[in-house]
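# Inside the fold
Residues per chain, in single letters:
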Amino acid sequence: VKGKRCPAASSRPSSALGSSRLLELRGGLSSSSSSSSSFSSSSSPAAMVRSWRLSRLGRFASSFDASRYHAQVLFVDDDGSRARTCEALLERVAMWADAGWWIYPHAVSTSNNVADGDAPPPSLLASASAFGLCRGRLAARATTLEADDLSAYDVVVCVDYTVLEQVRALARDQVEAGADAAEVEAAEASVLCLTDFLAFEGADRMEALDEELRDLVARHYTAAAALTELPSVAPSDAAQWEQFLACAVLGCAALTSCLKERIDLWFVDAFLELLEATYPTSALLEGVHWAEAEEVLRRHQVTGGLDPRERKRLFGEHCERLRQREGGARRGD
């Protein structure tokens, strides 16, 4: 969690990473013949990357536990600047998108280039002033990634695929050290690259941005939307750093939209289960109006995550399903 100081993680140098593995992570090479057969020979590189991203998002969606009504998000970089900037940006984006009480961002660095306790570069703090970001987050001393972080957070978001491979190498080291392989594999499903979320097909991600951040993204949208990974740039390079910020903002908007949808879907599913348990037959709904049903249902916590109009709509649909279900059963008799 935020504020802890972790011991250094694996010191495996980034230069030792296999080029084929990194190409695979970037969507340019399949890890098996079975997965490569899913792409036609005529697939464009953009289509292949999108397919890989959707596959990774699918794995994450199936493993994400939304029942706690919040998501702990850990950004990881290898330079001490990009992850904490994403952390501060996600905080701002989530608050604007009315998800500040659901999404809690944190940041760490791999130990390849950053030591635990390193101070951030002075130029990084300019971002706090220019974009209204939390100065405390950007000024905090570095925390390095440790193996336990992979299972301690709901989603681990890497700034690029080199960092992603470093994180996955840490997971493989856990297995080699005797950790439960199934648990490590489950934790790995929550390790993604920020640009993976650009493939999210739910709500319009630009709606998650305030006017200032929307203007920033608009100036660089073509480049940001097409990026395979966040660029490795320093905050001292003002022009390149602004483009990085635009890319990170767009990624954070997509991440926020994705997490909001996963949590919203959980609330809907939980409310539907509550309706089935409370009113399993039309007989129990005889003479029951929405106001009366609402009073009964509101005793349960899961209703608090849904707009009253949404609850009323779902109640009406439940009543109609019961009528159709029981009408069909009677005709069958």
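Read on for an overview of the structure. (Residues numbered from 1 in each chain as written. Predicted model: local features only at pLDDT ≥ 70, side-chain atom pairs only at ≥ 80, totals over all residues. Heavy atoms only, no water.)

### Some points on the packing of aromatic side chains
Quick note on the threshold: Stacked, edge-to-face and tilted labels apply to pairs of Phe, Tyr and Trp rings (six-membered ring for Trp) whose centres lie within 6.5 Å, assigned for plane angles under 30 degrees, over 60, and everything in between, in that order. Helical segments are the DSSP runs of H or I of at least four residues, strand segments are the runs of E of at least two, and each set is numbered from the N terminus. Buried, partly exposed and exposed residues are distinguished by accessible area as a fraction of the type maximum, computed with a 1.4 Å probe on protein chains only: under 20%, between the cut-offs, and over 50%, respectively.
Scanning the model with the defined rule gives ten aromatic pairs in all. Considering the side-chain rings of Tyr279 and Phe315, the 6.3 Å spacing of their centres and the 75 degrees angle between planes classify their relative orientation as edge-to-face. With Tyr279 in the loop between α12 (238–278) and α13 (282–285) and Phe315 in helix α15 (residues 308–332), the pair connects residues that are 36 residues apart, well separated along the chain. Across the pair, exposure class does not vary: Tyr279 and Phe315 are buried alike. Here the aromatic cluster, defined as three or more aromatic residues joined through ring pairs, consists of Tyr69, Trp101, Trp102, Trp266 and Phe267.

### Notes on the nonpolar core
Note the threshold: Put simply, a nonpolar core is a bunch of buried Ala, Val, Leu, Ile, Met, Phe, Trp, Tyr and Cys residues held in one set by side-chain atoms that sit within 4.5 Å of each other. By definition, residues are in contact when any of their heavy atoms lie within 4.5 Å.
Core analysis: the largest hydrophobic core is formed by 94 residues, its most contacted members being Val73, Phe75, Phe197 and Leu255. In terms of residue count, the dominant contributor to this core is α12 (21 residues). In this structure, Val73 is in contact with Leu90, Ile103, Tyr104, Pro105, His106, Tyr153, Val155, Val157, Leu255 and Leu259, ignoring residues within four places of it in sequence.

### Brief notes about the pattern of salt bridges
Under the convention used in this document: Any Lys or Arg side-chain nitrogen located within 4 Å of an Asp or Glu carboxyl oxygen qualifies as a salt bridge.
Applying the stated criterion across every chain yields a total of 18 salt bridges. Arg92 serves as the salt-bridge partner of Glu212, at 2.7 Å between the closest nitrogen and oxygen. Of this pair, Glu212 sits in helix α10 (residues 211–219) while Arg92 sits in helix α4 (residues 82–96), and the two are 120 residues apart along the sequence. With relative accessibility at 39%, the residue Glu212 sits in the partly exposed group. Here Arg311 and Glu294 are joined by a salt bridge, their closest N and O atoms 2.6 Å apart.

### A short note on α10
Short version of the rule: Relevant arc is that of directions from the helix axis to the C-beta atoms, nothing else. Any pair of nitrogen or oxygen atoms within 3.5 Å is treated as a polar contact; in protein, a donor-acceptor pairing is required on top of that, and neighbouring residues in sequence qualify only through side-chain atoms on both sides.
Among all positions of α10, only Leu213, Leu216 and Val217 are buried. The buried side chains of α10 occupy one side of the element, clustering within an arc of 95 degrees when seen end-on. The exposed set on the far side of α10, more than 90 degrees from its buried face, consists of Glu211, Ala218 and Arg219. In the core, the buried residues of α10 are packed alongside α4, α5 (125–131), α11 (221–226) and α12. The opening residue of α10, the one whose side-chain oxygen lies 3.1 Å from the backbone nitrogen of Glu212, is Asp210.

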